[in-house]
Amino acid sequence: GVITYCRSKRLPVGVRSRVVNKKRTDLSKLIRAKVKRDVFDSLANSFPSDGFVPFFSGHTRFATSSKATFDGTHPQRWTPPTNRRFYNFGIVPDRTVAVDASTSTSFSPFSKSAPDKDFPRLVRTEIYVTHNGDFDFYEQNGKTCDLEVIQKWLPIATSAALPATVDSACIAGFIDLIRCQGCFSLSARYAVCLGLPTSKITEDPVAANLPSVNQYDKVASLFEKELDDMLSGGETLETISSDEHKRQVLDDEELGGDGLRLFAKVAVDAFFDNDLLNSTKIFLGAASGSFGLCITSSLDAQRQLCLAARGQTLSIALYPKKGIICFGSEQAAVKVGMNAELPGGAPDVLGKTHLDIDNDDLRLDLDDLGGEIILLDWGKRRFKNPAVSPPNRGVVKHSLMNGRVDAYLLQESKVHNASGLLYHRMTRLTRNQFIKPLPEKTADPVLKDIQDIPLICREIQEDWRNMNKSKMSFNRLTAWNLARCIRKKMDSYVEGSAQSRSTDILLTGCEVSLWLAEQFACDLQKSFPKLNVTSVSSNKLLGLFGQEMSIPVVGYPMSNKTTKLDNAIVIIVSHSGGTFSPLAVSNLLNTNNNVFVVTSEWDSQIGKQLRAAHNEDDHMMLLFNSRVFTTDVGLRPAEPCSVSVAATQQLLTCIFQHIAIVILSNQRYRHTSGAIITEHDLRILERCNQDNLHALEEIVGLDYFGNKITKDQASAEQELRHAGRVWADHILENARAYVITFVYIMATVISGYPIASAIAKGAGLVNSTAWYFVRLIDALIYFYLPQINVLIIRVIQRRAIRHRMVGRTVVIADIPWVAQAAEAFLSKIFAVSYSIAGLNVLSGNPADHFVHRHTHRVVRGTLIVCGRPDGRLSALTSLEASCCLSVNQASSIQSIGSTAESITIGHNPYKLPLSARGIFLDRHRPLFLCEKMLDQIDAESRRKRIRLDLSMGGQSTSRRKRQTAIVALEDHSEHKSNVLNDVLATSGVPTLVSKDINELWPSMKKSPSVTFDHAIQTIPEANVLSARKSVERQALQDKKVKASPVTPTKQARPTLNAAAEKRRSSTALLGAYTNLQKNAERCLDCSGHIPTQNLIESAIAERKWNDGLREIFERLDVNDDGALSRDEFVAGFHKLKPDLTKEQLMRIFDECDVDDNGSLSLAEFVHMMKLPRMDIAYMCEPSIRDETGVIQVRASEESFFGERVMQGAEQSQFAQNPALTGASKSQDFAQELYECRIASMQRFVAMAVMFHEMGRTVEGFFRKISCGLLSYRYDRTHSIMRIATTASPVSGADVRERMRVLQMLKKIHHSVHVISIAYIRYRKEKEKRHLSELEEIAQMRRSTTNDTDDTVSSEDSSH
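Everything numeric here is computed off the predicted structure, so don't read it as measured data.

What counts as what
Along each chain, residues carry numbers from 1 onward, in the same order as the chain's sequence is written. Confidence filtering applies because this is a predicted model: local features only for residues at pLDDT of at least 70, side-chain atom pairs given and counted only at 80 or more, and all residues used for totals across whole chains, interfaces and linings. The side-chain numbers reported here are obtained from all heavy atoms of the structure, hydrogens and water having been left aside. Put simply, DSSP H or I for four residues or longer makes a helix, DSSP E for two residues or longer makes a strand, and each gets a number counted from the N terminus. Residue contacts follow a heavy-atom distance rule, with two residues in contact if any of their heavy atoms lie within 4.5 Å. Accessibility throughout is a Shrake-Rupley quantity obtained with a 1.4 Å probe, and a residue counts as covered only by protein chains that appear here. Put simply, a patch holds well-exposed residues, over 30% relative accessible area, that have no salt bridge, with like charges counted together within 9 Å and Val, Leu, Ile, Met, Phe, Trp or Tyr side chains within 5 Å. For this document, the term salt bridge refers to a Lys or Arg side-chain nitrogen within 4 Å of an Asp or Glu carboxyl oxygen. Each pair of aromatic rings taken from Phe, Tyr and Trp, with Trp reduced to its six-membered ring, is defined by centres within 6.5 Å and is described as stacked if the planes are under 30 degrees apart, edge-to-face if over 60, and tilted in the remaining cases. For every residue, the accessible area obtained with a 1.4 Å probe (protein chains only) is divided by the maximum for its type, and the residue is called buried under 20%, exposed over 50%, and partly exposed between those limits. Strands are treated as partners if at least two bridges between them are detected by DSSP. Residues belong to one nonpolar core when they are buried, are Ala, Val, Leu, Ile, Met, Phe, Trp, Tyr or Cys, and are joined through side-chain atoms within 4.5 Å. Under the rule applied, a polar contact is a pair of N or O atoms within 3.5 Å (in protein, one hydrogen donor and one hydrogen acceptor; residues adjacent in sequence only if both atoms are side-chain atoms). Structural elements are reduced to axes, namely lines fitted to C-alpha atoms, with helices fitted over the stretch in contact, and the angle between N-to-C directions of any two is expressed from 0 to 180 degrees. An angle counts as roughly parallel when it lies under 35 degrees, as roughly antiparallel when it exceeds 145, as roughly perpendicular when it falls between 65 and 115, and as oblique in every other case. Note on convention: near helix rotated counterclockwise from far helix by under a right angle means a left-handed crossing. Clockwise means right-handed. Residues are grouped as follows: Ala, Val, Leu, Ile, Met, Phe, Trp, Tyr, Cys and Pro are nonpolar; Asp, Glu, Lys and Arg are charged; every other residue, Gly included, is polar. Helix span is expected to be 1.5 Å times the residue number reduced by one. Confidence scores here are pLDDT values: one per residue, from the predictor, ranging 0 to 100.

Side note on the overall build of the protein
Secondary structure summary: the protein contains 44 helices and 30 strands in total. Considering only contacts in the protein between residues 6 or more positions apart, those separated by 24 or more positions represent 74%. Counting only carbon and sulfur atoms, one obtains 54% of the accessible surface of the protein, whose full area is about 61,500 Å².

In structure tokens form, the structure reads like this:
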């Protein structure tokens, strides 16, 4: 609803327009149309042109305490419009101002200097309140009253019925009681109900014992008589109001006891003081809850309104050139005036505005944490009396809108350090590169979000790598601050001062953001096992630490005693930056200055709170106080989350790499954190991260510059959208059958000829008995017509016939964050769809509980989409096998020959036998070593088959030539290849198929570097023999044509076409990798470790593993002290491995010096020698900083991961080479990170594309079939809750007080810690002094004994 005030009989009259939104209607359009009818199209209401400033105060309610009904809609009003006797405290203007705000003025009829201008007159009064938040309690004289008691007491106190059961109506009731300036009747009511020490709130009318309205009026007449006498004597309301002694004249005139005098004083003070600002202040002083308030009154509508924020955000945007002020609970909402075309001027463009700061568009964010009230007054030119009452005259007045508006701000508590100048608190909306404009309107916001994913991910990567030198990267600055916190945390562990059982890094958020944070926390915890990384919902944190009476976290191992968050590094993941619980948590935990946020833009509510909290003890944070990581996605109006999820995952990947590289850059940090991840893993991850952009392009159909790509390039998108349309047909079959049924019934009933009867009549049937049978057939057709139509539709569309003819259920199976995010996306897409095309959405983890939770629900026609990990990677093979087993088990449940319809999405190009469809995503990354090894083994097996075929060649080729060809097969030189060509051309080797050679040979001819052995790997095994023969024959023909060779161009990042490689199931892959492992284990020595012959062959050639290592250690230990110093290690190994430089050897030494004592013990030396050769090689890499000195993860430049290890290895010995197997095993963690950070993101985006096509197709059907009447927006839900700014399910009313408690507890804990350390030092010093004293005493006794012995000896000698 919206409230505005129009001029009626020269006084403001409230016009309230309210609507109740339906499931598929657009609320903004409904309310705009209602306001247009009630205000602009109404002849009774108008906005005068005498300087009257109209305002519109609106609120969209998300029901929490009652149903979303009409009476509960805002703005709320408790007392209906009532005529009461008021004195003129700014009700009627003293003069009117021209529209152009010039100096010319004209006096109104009420501005005449008549003696009765200040006397009371009947004035229509009504008060409206819009409230965002929850009103929980009201404290009256030390007693806390809940909402239920208040709702029963307010009708007694106000003599007005309860207008609605919502809590906001009670706020309007309290403001009705408190706002009584200028009316003695209302002042007396306020004194009795709320102002006296005997006032109480009770639901019992007898116990309340409140006067009636007539009694209040009688009391008011006494006050009015005395005040009129004072005014007749030459006083004015202002002189009496501002003079305490003159007020006492009214008090003293009342005779009676102390109680009556106190009543008179309270009533008189309320009469002069309780204006709009003071009334709001009094209410918030006693109320508990969260409040975002806009309070207006018809008495003040010509000059001011009051806004307040406590526990709920509230922002005010000022547009001086356009003459408008926007306020709202979301920062993005008030930016609506930036590009609005108004009569006041042209739209402002970001970054291009006036040089004068007075004309800048500015935004003021109220202090919702400490609580703040602002009064906006624009009546100083039309009213002579002050804007605020005497109690608030000391409040600083701030001039806004080039002097046209005055602002009075009251802060309930000062939590943050704020500047005295209001301008320093404001955010400039124009000429500010960090402020993003509102997005342009688009027909399909969901499609727009999906298509922007590659572009946004590219911008995040380029910003993180600081590629745009003309623009400062705030993400890098925030990363620098995060690195400082990480180093500080790690130093505390190295020094031993860290607290035990404390949380090191805490991830928190809500819904999708929380699921992404949980995956991030899992990856970080696995990488550094000794760190305590925790992810928890913001609602749990708020309920546990932000409530006066904490909410127990049932089913979660977290409590006040088990969790220590004193020095935790907190990363809040909230893409909107305004969700209630993460915002409250940012305030709650922002006492340690280690809180960071991952959000959509720099200008967000959480970002504002973090920027406002300075650490005075940390001067660097004062200079670079950036704790906001931003995806720069900006506001996205679509409720189904796609680009926000992908962008957050992308940014979290960058943050993960940064945290990892900071820890890995210091060997003490590595050992303290128990680092599992290596720099080589990070290089692999960064390479996959950069190549991920190309994969996203093929999935969404646009490149990362926003340009459309060809259908051939976007094959994955085409296949995904086709699958989405097929599933949309499943969902729409009942609707289509309904339409066909309707048409059939209408046609047959109107014509009178059902189909069987029409056929019988056309055939000339005259037998009356047979007609009964014909009518029976027609009746059965009518009865089964919907099912018949469904079957016909399925046959025409070539879909499964035996599926159930009911509403469909989609089950999403993938790793937790993908499954949950995709479930949320699809359920929101179909949130407002019609019931006949409704959808039930479930999700589960196929490697965990998918079978247990959902297989008993599988029926014919259940739709299952499963994301498969890339089982071609050895670390993920067993995981893919588990997923495939779950899908097969679900798909094997059959009834009447039909089962669920399952689709798998993944990178391994193998279709499951029981799945209906397999959608395969291109690899778009280099091969891992395990994949390369399998390819080489496959090529070797094919080579053996060719050798066997050659040895069994035809009679036309001599044995000698065949032997020569076999030798040439193993040699890659050009001469030997020519020999092989000649032999193959004349041999009688049978040809199987040769069609694949037509595509293979041109690539070999174009690039001579592509040898036959490389090319043959891309041919299926069954076609190898014919491929060899056809290729060589084509080569002989091309020899006749002499052409200059083409210089091969180096491919920066070659990839293998997934369609051409050998396809294996997850089970086959599992068997292949198991065989590789077993073959390698047979080659291990007796110690079970990888031999070191590849590293130092001459040193351990004739000895066993441990003896050889000990001999080398002793040989290098020149001074025989049992440890290798840095010089001994570098000098000795430089002789053994001259290809390693001294700098590289020093890096290896520093990496392996675990205890950081400057020497290597035998155990550390043995550990170093057991490291895979790949790890040793990557220890020699250069610095992690780029050319500008910024810490960066360098992407791997290998053509395949592990290329260095493969160099020099015999291809025929891949399966038996333990060094390669060990190197492949060392990539397991990198493969797992690739799955969690990159591959899973591609699958989520693929599901989003498929689900979007489903939703668009379903909505398009209803739009087309109804000519637009049944269309709906699938980019929104009926809750319209894009951002959950309302407290749910945990209130934030106690956050401010709990912050103070936590700050005090932190100081106490710190003090206890300091005292404990000091006491321990004191005890040590005391014990040391005590021991010293004992030693001195013992020394003295020994000296005394010696002296005595000497005396005795001298006496003996004398004797």
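Structure shown, so let's carry the discussion forward.
With respect to the side chain of Asn-594
Mapped onto the elements, Asn-594 comes out in the loop between α16 (580–588) and β22 (595–599). Contacts of Asn-594, omitting those with residues within four sequence positions, involve Cys-485, Asn-567, Ala-568, Ile-569, Val-570 and Arg-627.

Side note on a nonpolar patch on the surface
A cluster of nonpolar side chains, Phe-773, Leu-776, Ile-777, Leu-780, Phe-783, Tyr-784, Ile-788, Ile-792 and Ile-796, forms an exposed patch at the surface whose accessible area comes to about 890 Å². Counting only elements with at least two residues in the nonpolar patch, the list comes to α24 (768–783) and α25 (785–797). Sorting elements by how many residues they give to the nonpolar patch places α24 first, with five residues. Mapping Ile-777 onto the fold places it in helix α24.

Focus: the packing of aromatic side chains
Tallying each qualifying case throughout the model produces 33 aromatic pairs. Between Phe-174 and Phe-283 the ring centres are 5.9 Å apart and the planes differ by 45°, which places this aromatic pair in the tilted class. Residue Phe-174 is found in helix α3 (residues 167–178), and its partner Phe-283 is found in helix α10 (residues 276–286); the two are separated by 109 residues along the sequence. By relative accessible area, which is 0% here, Phe-174 ends up buried. Considering the side-chain rings of Phe-434 and Trp-602, the 5.4 Å spacing of their centres and the 40° angle between planes classify their relative orientation as tilted. In this pair, Phe-434 sits in the loop between β18 (427–428) and α11 (445–451) while Trp-602 sits in the loop between β22 and α17 (605–612), placing the two residues 168 residues apart along the sequence. You can call Trp-602 buried: its relative accessible area is 17%. Chaining the aromatic ring pairs together yields one cluster made of Tyr-87, Phe-89, Phe-184, Phe-223, Phe-271 and Phe-272.

Observations regarding the sheet that holds β18
Pairing in this open sheet of four strands is antiparallel, and the strands run β13-β12-β14-β18 from one edge to the other. Edge positions in the sheet fall to β13 (324–328) and β18, since each of these pairs with one other strand and no more. As defined by bridge partners, strand β14 (residues 362–365) adjoins β18 across two bridges and the pair is classed as antiparallel. Within β18, the position partnered with Arg-363 by the bridge is Thr-427.

Digging into the nonpolar core
One finds Ile-655, Trp-817, Ile-905 and Phe-1251 to be the most contacted residues of the largest nonpolar core, which totals 132 residues. Top contributing element to this core by residue count: helix α43 (residues 1228–1265), with 19 residues. Beyond its immediate stretch of four places on either side in the chain, Phe-1251 contacts Ile-812, Ala-822, Phe-825, Leu-826, Ile-829 and Val-865. Core analysis: the next-biggest nonpolar cluster, separate from the first, contains 76 residues, Ile-127, Ala-157, Leu-194 and Ile-295 among them.

Quick notes on the environment of Gln-1192
Here Gln-1192 shows up in the loop between α40 (1173–1179) and α41 (1203–1206). Measuring from C-alpha to C-alpha, the distance between Gln-1192 and Gln-657 comes to 8.6 Å, with 535 residues separating the pair along the chain.

Here's the deal with the side chain of Glu-931
Looking at the element boundaries, Glu-931 is found in helix α29 (residues 929–951). Polar side-chain contacts of Glu-931 include one of 2.9 Å to the side chain of Arg-925. Ignoring any residue separated from it by four or fewer positions in sequence, one finds Glu-931 in contact with Arg-872, Leu-873, Arg-923, Arg-925, Pro-926 and Tyr-1073.

Side note on the packing of helix α14 (residues 511–527) against helix α19 (residues 643–664)
For the pair α14 and α19, interaxial distance at closest approach is 10 Å and the crossing angle is 25°. Looking at the two axes, α14 sits roughly parallel to α19. In this structure, α14 meets α19 at a crossing whose hand is right-handed. Judged by residue contacts, Val-512, Leu-516, Phe-520, Asp-523, Leu-524 and Ser-527 of α14 engage Val-645, Thr-648, Gln-649, Leu-652, Ile-655, Phe-656 and Ile-659 from α19. Grouping the constituent residues of the contact of α14 with α19 by class yields nine nonpolar, three polar and one charged.

Topic: the sheet that holds strand β28 (residues 917–920)
Strand order in the open sheet made by the five strands is β25-β24-β26-β27-β28, with parallel pairing throughout. A single partner strand is all that each edge strand has here, and the edge strands are β25 (839–844) and β28. On average, each strand axis in the sheet is tilted by 15° relative to the strand beside it, whichever way the strands run. Summarising the sheet, strand β26 (residues 863–868) and strand β27 (residues 901–906) pair through six bridges and their orientation is parallel. Its bridge partner being in β27, Cys-866 is matched across the sheet by Thr-904.

A look at α19
Given a rise of 1.5 Å per residue, 22 residues ought to cover 32 Å, and the 31 Å separating the end C-alpha atoms of α19 matches this to within 8%. Burial within α19 is extensive, with 22 of its 22 residues counted as buried.

A look at helix α2 (residues 147–158)
In an α-helix, one turn spans 3.6 residues, which is why side chains three or four residues apart end up on the same side. With 12 residues, α2 ought to run about 16 Å at 1.5 Å a step, and its terminal C-alpha atoms sit 16 Å apart, in line with that. Among the residues of α2, Leu-147, Val-149, Ile-150, Gln-151, Trp-153, Leu-154, Ala-157 and Thr-158 are the ones counted as buried. Structurally, α2 contributes buried residues whose contacts are with β8 (127–140), β9 (143–146), α3 and α4 (184–195). Two to three positions downstream of the cap, the backbone nitrogen of Glu-148 sits 3.3 Å from a side-chain oxygen, assigning the N-cap of α2 to Asp-146. Positive phi appears at Ser-159, one or two residues downstream of α2, with a value of about 60°.

Looking at the confidence of the model for the protein
Scored by pLDDT, the protein comes out at a mean of 80, with 77% of its residues at no less than 70. By mean pLDDT, the top-scoring element of the protein is α43 (96), and the lowest-scoring one is strand β6 (residues 105–106) (38). Contacts of residues 415–419 to residues separated by more than four positions or lying in other chains number 10 contacts, the stretch itself having pLDDT below 50.

Considerations on the pairing of β9
Pairing of β8 with β9, which is carried by four bridges, proceeds in the antiparallel orientation. Pairing of Tyr-138 across the sheet is with Cys-145, part of β9. Linkage of β8 to β9, two consecutive antiparallel strands, is achieved through a turn of two residues, within which Asn-141 is found at a positive phi near 55°.

Regarding the environment of Thr-1257
Take Thr-1257: it is sitting in helix α43. The spatial distance from the C-alpha of Thr-1257 to the C-alpha of Asp-729 is 8.4 Å, given a sequence separation of 528 residues. Residue contacts for Thr-1257: discarding those within four places in its chain leaves Arg-725, Ala-728 and Leu-732.

Points about unusual backbone geometry
In this model, His-74 is joined to Pro-75 through a cis peptide bond whose omega is -5°. Of note, Pro-75 is situated in the loop between β3 (56–58) and β4 (82–86). Even without being a glycine, Arg-431 presents a positive backbone phi close to 55°. Relative to the helices and strands, Arg-431 resides in the loop between β18 and α11. Despite not being glycine, Ile-896 has its phi angle at roughly 45°, a positive value. Looking at the element boundaries, Ile-896 is found in the loop between α28 (877–891) and β27.

Looking at the pattern of salt bridges
All chains considered together, the criterion is met by 56 salt bridges. Note that Glu-148 is salt-bridged to Lys-152, the shortest N-O span being 3.9 Å. Here Glu-148 and its partner Lys-152 are both found in helix α2, four residues apart, which amounts to about one turn of the helix. Glu-148 gets classed as exposed once you look at its relative accessible area, which sits at 52%. Owing to a relative accessible area of 41%, Lys-152 belongs among the partly exposed residues under this scheme. A salt bridge links Lys-380 to Asp-406; the nearest nitrogen and oxygen atoms lie 3.3 Å apart. Here Lys-380 is found in the loop between β15 (372–377) and β16 (397–400), whereas its partner Asp-406 is found in strand β17 (residues 405–411), with 26 residues between them in sequence. Sharing partners across several salt bridges, the network here consists of Glu-244, Arg-247, Lys-265, Asp-269 and Asp-273.

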